[in-house]
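Coordinate analysis (summary)
Each chain, letter by letter, is given below.
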Amino acid sequence: MEDKYNPKFIEPKWQKFWEENPDLYAAKDDSKAEKRFILDMFPYPSGAGLHVGHVESYTATDIYSRYFRMRGKNVLHPQGFDAFGLPAENYAIKTGIHPQKTTEKSIKTFKKQLGSLGLSYDWSREVNSSDLDYYKWTQWFFLLLYKNGLAYKKKAKVNWCDSCKTVLANEQVEDGLCERCKNPVRQKDLEQWFLKITDFIEDKVTRGPSSSKITPGLLSGLEKIDWPESTKMLQKNWIGRSEGTIVKFLISNSPNSPNKIPNSKFPISNEISNSKIQSPKQYLEVFTTRLDTIYGCTYCVVAPEHGLIKKYEESIKNKAEVEKYLESVKGKSDLDRTSAKDKTGVELKGIKVINPFTNEELPVWVADYVLSQYGTGAVMAVPAHDTRDYDFSIKYSLPVKEVVISLEKAKNQKSKISAKGGSASGRKNQNDNLKLKTKESFTDDGILANSGEYSGLTSEEAREKMAEWLEENNLGNKKINYKLRDWLVSRQRYWGAPIPIIYCEKCGTVPVPEEDLPVKLPTDVDFLPTGESPLKYSKSFQNVKCPVCGAKATRESDTMDTFVCSSWYYFRYADPKNEKKFASKELIKKWLPVDLYVGGAEHSVLHLLYARFFTKVLHNLGYIDFDEPFLKLRHQGIILSEDGRKMSKSLGNVVNPDDEVKRWGADSLRIFEMFMGPLEDMKPWNTKGIVGVYRFLEKIWKLQNKIHLTSNSLNKIQNPKYQIPNKSQISNDQNGKLDILLNKTIKKVTEDIEAMRFNTAISSLMILANALEKEEGVYLIHYTLYLILLSPFAPHISEELWNKLGHKDLIFKEKWPEYDSALIKDEEVELVVQVNGKVRDRIKVAADISEEEAKAMAISSGKVENYTKDREIRKVIYVRGRLVNIVI
RNA sequence: GGUCCGAUGGCGGAAUUGGUAUACGCACGACACUUAAAAUGUCGCGUCCGUAAGGGCAUGUGGGUUCGACUCCCACUCGGACCACCA
């Protein structure tokens, strides 16, 4: 009786076996073999369990891991759980069930689901960021940063979510809304802990024992790592480095204004020089990347929060109007403020500044399109060359003055000028031209005009020269600005790692001594959010003795952003049980950095930037000798639902991997998800598609009945340890074709796995299976090698069939086959014969045919002669093994 | 608005990186097996003309480079992702 492929039976059987033999997948700390650290982003154990996106990336790393194990590498392929976080706490608020309980339960479900997929994790190294033994080290990291001046507390305007009642990092605010609950975020002043990530943007001299070394910064470090270009670009943009200049605009009518401007290039106007006041000069500092446009500056704008307004309160003549405006801005949420396309502002009447280059007196406006946090919170407005300033100038009828013209325009004018033969008329012409063009701003670099001695220079040259002049005269300096802010890590939440700080009335801020770690999360808390951390109301937690003086003191009641926990977890896998250190130096050296990291692109900035920061800190302090944690990074693409939309509970179009495993088996689900398309691509689910993969596995199952022995191949059968037949063996062998195909498949599958092109690897396995199936009988050697190639993709069926062949050992203990390069070359090839690039014939020739012979054969081909008749052959192009192109 | 990416049959996608476009899978159609259906197997499956042999046209649109372009260059159209008043 023929047995049928039955994943329901064989998959649990092998999963049980693997579970009972955890050593099979364990990474060996003491092995001398070359290591491979292959890592998945550890999941947040949500109550919803695993989704198909998890399956996609976990299968990819599993295939990769299994492949490298078979290549004799010492593979570290661990998994763990990012277990702290808001959802569990929110659930606790709703139900009163402690987050620890729900988290434990979710983790159990997750592990069961992961097990049902046949993933080859080394569970002996599991980490859980909410475990005491884990967050002890998260706190240790905080102290490390604190002790090195990289963690500090300051009062700051923070993003506050009224619904979550907590602070959010800039990165967690989307469109002015809370990333999690979509509530509008508002600004609030709070004392908060920050980590100094901005210290590591640029390269940095190390502080560790070898202080002559450099820690490459977050920017330059991107250059040497194998990450998707788009991800690197996102990080670069997020860091937002821009080179510019600080320019000091003299506040001309301040109570302390000087009577003249030193070093000005222009005679000072009477109005200003007659001013009587003679005391320290007051300046408005602006930041600009377009210093070359400064002759076109027609006013300045400060942010509503800018200090100037308060300082010169008395000089402002339209105080009521300004105050009203400031009030209206304050009422706006971040969303209103950034989504408003219409720019608003009010002139600060009575305040004037002086452009250091032109000596013109300019009005100052306040407007909320200028951001207080960026640069100096003040800008010079050049309507002719900045779209925002242009919009604003149109609305409030402010002058527009063009001072940069495009290269082509400059050329045209030059020819006009020379045609007219006089520079005087030329200049006039130029001015006319400038006045005409006020429909929109020209924001590109170009050639300067109307810019005094700088006219005629390119923008780039002008920026250089102008900055020099400013520096010489103490009126400004070059400055690099970044969008990236320091990382705010305080959260007014319970379910996170407590910040290990104690506040003593006498001693002030005191770090918890290392030997007192961990600072344990108390259990006597009420989860209902109050705007303060629930820890604040736990007596057992709050009241402590000051570790320095022993006096009564209180603990910091905020917990850390969960991204702190996930910034270092990959180190812990190297040495997960260490009680003395976050990981020992030797084991870090053995396993890290991570060779392959796979996870969602949504982490392109947050987690991946923070993790790099932590690694750079450790490098800088001499703990480790590498400075990038993840050498190679790949993202799995989002799997859409069948209708092309995103899967979501509310749309009811979520595919549950459990259902698919139940129906088709884990092997089918694994292969199907890999076969859908390139790993990184976004692709829709196709319910019917998995059937094809199931049929493919069924086909392989049935092939076992075709294994047969011919007299020709008897030697192979008698020797159960297979070997690839050599060329002389196959020359008499009817199945020589299959040997060639098998070798080609070995090559293709090997190369594709290494490049993570799993979809084409599977396709080539299907082609070989189809070819084997067409044969009346299949050689054992072919089948044996086939199963080995299949095993990383479909571990259960491969192991079962291997076992049925009578092997005592497991298939994944087998060596990955090498292909025979002599056997991947066809003896005969099909040459395409083209006439003028169009295919007209195909001829079979020996693979090693000479160029002359090939050309001659092609030309004499009957079909070709129809086209070449009566025409002269001008040229013949030969591409070895591919084609002959006859040009007539 | 900016930046980046992409566009190939009815669908997911392949194409040795400038050399046979549409591999592999799904869907579909015909046939075989069956009382019937399912399953399975065989064949077909870009499009147009043609009984056929064969030929024309096709990789979003238009142009260019080349003996030869899905692949390189220019312009445009559409779609997606990210950022979004960062001076």
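Residues numbered from 1 in each chain as written. Chains lettered and ligands numbered in written order. Predicted model: local features only at pLDDT ≥ 70, side-chain atom pairs only at ≥ 80, totals over all residues. Heavy atoms only, no water.

**Quick word on the overall build of chain A**
Selection rule: Strands are runs of DSSP state E lasting at least 2 residues, helices are runs of H or I lasting at least 4, and numbering of each runs from the N terminus. Think of it in three bands: residues with accessible area under 20% of the maximum for their type are buried, residues over 50% are exposed, and the middle band is partly exposed, with areas taken using a 1.4 Å probe on protein chains only. Contact criterion: two residues are considered in contact whenever any of their non-hydrogen atoms come within 4.5 Å of each other. For every accessible area listed, the method is Shrake-Rupley and the probe measures 1.4 Å; residues are considered covered only by the protein chains on display.
Looking only at helices and strands, chain A has 30 helices and 33 strands in total. A total of 888 residues make up chain A; the buried ones form 53% of that total. Of the contacts formed within chain A by residues at least 6 apart in sequence, a portion of 73% connects residues at least 24 apart. Entry remark: accessible area of chain A is about 41800 Å², with carbon and sulfur atoms responsible for 50%.

**Let's talk about helix α22 (residues 689–703)**
Condition: Expected span of a helix, by definition, is 1.5 Å for each gap between consecutive residues, and there is one gap fewer than residues.
Between its first and last C-alpha atoms α22 spans 22 Å; for 15 residues at 1.5 Å apiece the expected length is 21 Å, and the two agree. Regarding α22, the residues found buried are Ile690, Val693, Tyr694, Phe696, Leu697, Ile700, Trp701 and Leu703. Those residues of α22 that are buried lie in contact with α1 (7–20), α20 (657–664), α21 (666–675), α26 (758–774), α27 (780–790) and α28 (795–804).

**Some remarks on the sheet that holds strand β32 (residues 875–879)**
Definition in use: Two strands qualify as a pair provided that DSSP identifies no fewer than 2 bridges between them. The axes are straight lines fitted to the C-alpha atoms, using for helices just the contacting stretch, and the angles between their N-to-C directions are given from 0 to 180°.
The mixed open sheet is built from 4 strands, whose spatial order is β31-β30-β33-β32. The open sheet has two edge strands with one neighbour each: β31 (838–846) and β32. On average, adjacent strands in this sheet sit at an angle of 20° to one another, irrespective of strand direction. Where strand β30 (residues 828–835) and β31 come together, 8 bridges link them in antiparallel fashion. Paired with Val835 across the strands is Lys838, a residue of β31.

**Quick look at the environment of Leu488**
One can find Leu488 in strand β19 (residues 487–488). Once the C-alpha coordinates of Leu488 and Asp561 are considered, the two residues, 73 residues apart in sequence, prove to be 8.1 Å apart.

**Some details on the protein's contact with RNA strand B**
This is how the line gets drawn: For each residue, the test is whether any non-hydrogen atom lies within 4 Å of the molecule or strand; if one does, the residue is near. Whenever two N or O atoms come within 3.5 Å, that pair is a polar contact, provided that in protein one can donate a hydrogen and the other can accept it, and provided that, for residues adjacent in sequence, both atoms are side-chain atoms. Only Asp, Glu, Lys and Arg are considered charged, only Ala, Val, Leu, Ile, Met, Phe, Trp, Tyr, Cys and Pro nonpolar, and every remaining residue, Gly among them, polar.
Near RNA strand B lie 48 residues; those nearest to it are Thr289, Arg388, Arg842, Arg882 and Asn885. Between a phosphate oxygen of RNA strand B and a side-chain N or O atom of Asn770, the distance comes to 3.1 Å. Contact distances for RNA strand B include 3.4 Å between a base nitrogen and a side-chain N or O atom of Gln834. Here the residues of the surface near RNA strand B are counted per class, giving 22 nonpolar, 12 polar and 14 charged.

**Some thoughts on the confidence of the model for chain A**
Close inspection of predicted coordinates is inappropriate in any region flagged by low pLDDT. Where we set the bar: One number per residue, pLDDT, summarises how confident the predictor is, and it ranges from 0 to 100.
Here chain A averages 84 in pLDDT, and 87% of its residues register 70 or above. Within the model, pLDDT remains below 50 along residues 255–278, and this stretch shows 47 contacts once partners closer than five positions in the same chain are excluded. Considering only residues more than four positions removed or in separate chains, one finds that residues 419–438, a stretch of pLDDT under 50, has 20 contacts. In the predicted assembly, ipTM is 0.94 and pTM is 0.89.

**Here's the deal with helix α5 (residues 132–147)**
End to end, α5 covers 22 Å across 16 residues, agreeing with the expected 22 Å (1.5 Å per residue, within 8%). Directly after α5, the chain includes Gly149, whose backbone phi takes a positive value near 70°.

**Notes on the packing of aromatic side chains**
Stated formally: Centres within 6.5 Å make a pair out of two Phe, Tyr or Trp rings, where for Trp the six-membered ring is used; the pair is then stacked when the planes are under 30 degrees apart, edge-to-face when over 60, and tilted otherwise. In this analysis the charged atom, NZ for Lys or CZ for Arg, is taken to sit over a ring once it is within 6 Å of the ring centre and within 35 degrees of the ring normal.
Summed over all chains, the structure comprises 53 aromatic pairs. Each ring, one from Trp140 and one from Tyr623, has its centre 5.8 Å from the other, and the planes form 85°; the classification is edge-to-face. You can see Trp140 sitting in helix α5 and its partner Tyr623 sitting in the loop between α19 (606–620) and β27 (633–636), a full 483 residues away along the chain. On the basis of relative accessibility, which here comes to 8%, the residue Trp140 falls in the buried class. Directly above the aromatic system of Trp123 lies the positively charged group of Lys111, at a separation of 4.6 Å from the ring centroid.

**Description of the packing of α21 against α22**
Let me state the cut-off plainly: Note on angle classes: values under 35 degrees are labelled roughly parallel, values over 145 roughly antiparallel, values of 65 to 115 roughly perpendicular, and the remainder oblique. Rotating anticlockwise by less than a right angle from the far helix to the near helix defines a left-handed crossing, while the corresponding clockwise rotation defines a right-handed one.
As a packed pair, α21 and α22 sit with axes 9 Å apart at the nearest point and diverge in direction by 120°. Considering the angle they form, α21 stands oblique to α22. Read as a crossing pair, α21 and α22 show a hand that is right-handed. Here α21 contributes Asp667, Ser668, Leu669, Ile671, Phe672 and Phe675 to the contact with α22, which in turn contributes Gly689, Ile690, Val693, Tyr694, Phe696 and Leu697. Per-class residue counts for the contact of α21 with α22 are 9 nonpolar, 2 polar and 1 charged.

**A closer look at the nonpolar core**
Operational definition: The criterion is simple. A nonpolar core is a set of buried Ala, Val, Leu, Ile, Met, Phe, Trp, Tyr and Cys residues joined through side-chain atoms within 4.5 Å.
Counting 87 residues, the largest nonpolar core has Trp487, Tyr570, Phe571, Phe582 and Phe614 as the members making the most contacts within it. With residues up to four places along the chain from it excluded, the contact list for Phe571 reads Phe582, Ala583, Ile588, Leu592, Thr615, Leu618, Ile624 and Phe626.

**Describing the pattern of salt bridges**
Oppositely charged side chains are able to pair whenever their charged atoms sit close together. Going by this rule: Salt bridge, as used here, is a side-chain nitrogen of Lys or Arg placed within 4 Å of a carboxyl oxygen of Asp or Glu.
Counted under the stated rule, the structure contains 40 salt bridges. A salt bridge links Asp3 to Lys804, with the shortest nitrogen-to-oxygen separation between them at 2.3 Å. Placement of the pair is Asp3 in the segment before α1 and Lys804 in helix α28, with a sequence separation of 801 residues. Lys804 gets classed as partly exposed once you look at its relative accessible area, which sits at 37%. Close ionic contact of Glu20 with Lys16 constitutes a salt bridge, the shortest N to O distance being 3.4 Å. One end of the pair, Glu20, and the other, Lys16, are both in helix α1, 4 residues apart, so they sit about a helical turn from each other. Summarising the burial analysis for this pair, Glu20 and Lys16 share the class exposed. Salt bridges sharing common partners tie together Lys224, Arg612, Lys616, Asp627 and Glu628.

**Observations concerning unusual backbone geometry**
Here the bond from Leu517 into Pro518 is cis, since omega is 0°, no more than 30 degrees from zero. Here the amide bond leading from Leu592 into Pro593 is cis, since omega sits at -5°, within 30 degrees of zero. Of note, Pro593 is situated in the loop between α18 (585–591) and β26 (596–600). Its identity as a non-glycine residue notwithstanding, Asn359 has a phi of 70°, on the positive side.

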